[in-house]
Amino acid sequence: MKTIKVLLLLLLTLCFSNASHAFEDENYYPEVKQESPLIRHIIKSEEGVFLQIGDGWILTEGLQASAEGIFVIVNGEYMTVEAALENSECVRKTWVCKKCGFINYDGIAACALCGKPRYEK
Ligand SMILES: [Zn+2]
């Protein structure tokens, strides 16, 4: 029974390590992930930097780590992640992937996690 549990855990770990390749931009911000556990995923795109916080997404112009913590840039101004969450300009609509259940932000054509196109059956 214990062996099964260990195997399951290993399988889960493998699944998640594969999945994280879709979010290669996370690697550019290791300190952000460490200092701001609120942020689950980071995707850099032409529009800006998308941050997944809980089950929602916000769009910012960039990120800055400082001694006081992590700040995001909105309209050229620095603010906390919490403040950005309350800013309706930043908060994006979301859609759920039919294949893997991942919550994506509106405007992305294919699932960021598994790559399935949004409107494909
Ligand atoms: Zn998916």
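Residues numbered from 1 in each chain as written. Predicted model: local features only at pLDDT ≥ 70, side-chain atom pairs only at ≥ 80, totals over all residues.

**Observations regarding the overall build of the protein chain**
Next up, step 1: The helix and strand tally for the protein chain stands at three helices and nine strands.
Next up, step 2: Each helix and strand of the protein chain, placed in order from N terminus to C terminus, yields the pattern α-α-β-β-β-β-β-β-α-β-β-β.
Next up, step 3: Relative to its full complement of 121 residues, the protein chain shows a buried share of 21%.
Next up, step 4: A sequence separation of at least 24 residues applies to 28% of the contacts in the protein chain between residues at least 6 apart. (Helix = DSSP H or I, 4+ residues; strand = E, 2+ residues; numbered from the N terminus. Buried ≥ 20, exposed ≤ 12 C-beta atoms within 10 Å, placed from the backbone. Contact = placed C-beta atoms within 7 Å.)

**Brief notes about the sheet that holds strand E4 (residues 62-66)**
Next up, step 1: Sheet architecture is open: three strands sit in the order E4-E5-E6, paired in antiparallel fashion. Of all strands in the sheet, those with a lone pairing partner are E4 and strand E6 (77-80), marking the two edges. Each strand of the sheet is rotated relative to its neighbour by a mean of 40°, with strand direction disregarded.
Next up, step 2: As paired elements, E4 and strand E5 (residues 69-74) share five bridges and run antiparallel to each other. Bridging from a neighbouring strand, Ala65 pairs with Ile70 of E5. (Pairing = 2+ DSSP bridges. Axes fitted to C-alpha atoms, helices over the stretch in contact; angles between N-to-C directions.)

**Digging into the nonpolar core**
Next up, step 1: Grouped together as the largest cluster of nonpolar side chains are 20 residues, with contacts concentrated most on Phe50, Leu51 and Ile58.
Next up, step 2: Mapped by element, the contributors of at least two residues to this core are strand E1 (39-44), strand E2 (49-53), strand E3 (56-60), E5 and helix H3 (81-85).
Next up, step 3: The residues contacting Leu51, other than those within four sequence positions of it, are Ile39, Ile42, Trp57, Ile58 and Thr60. (Core = buried A, V, L, I, M, F, W, Y, C linked by C-beta atoms within 7 Å.)

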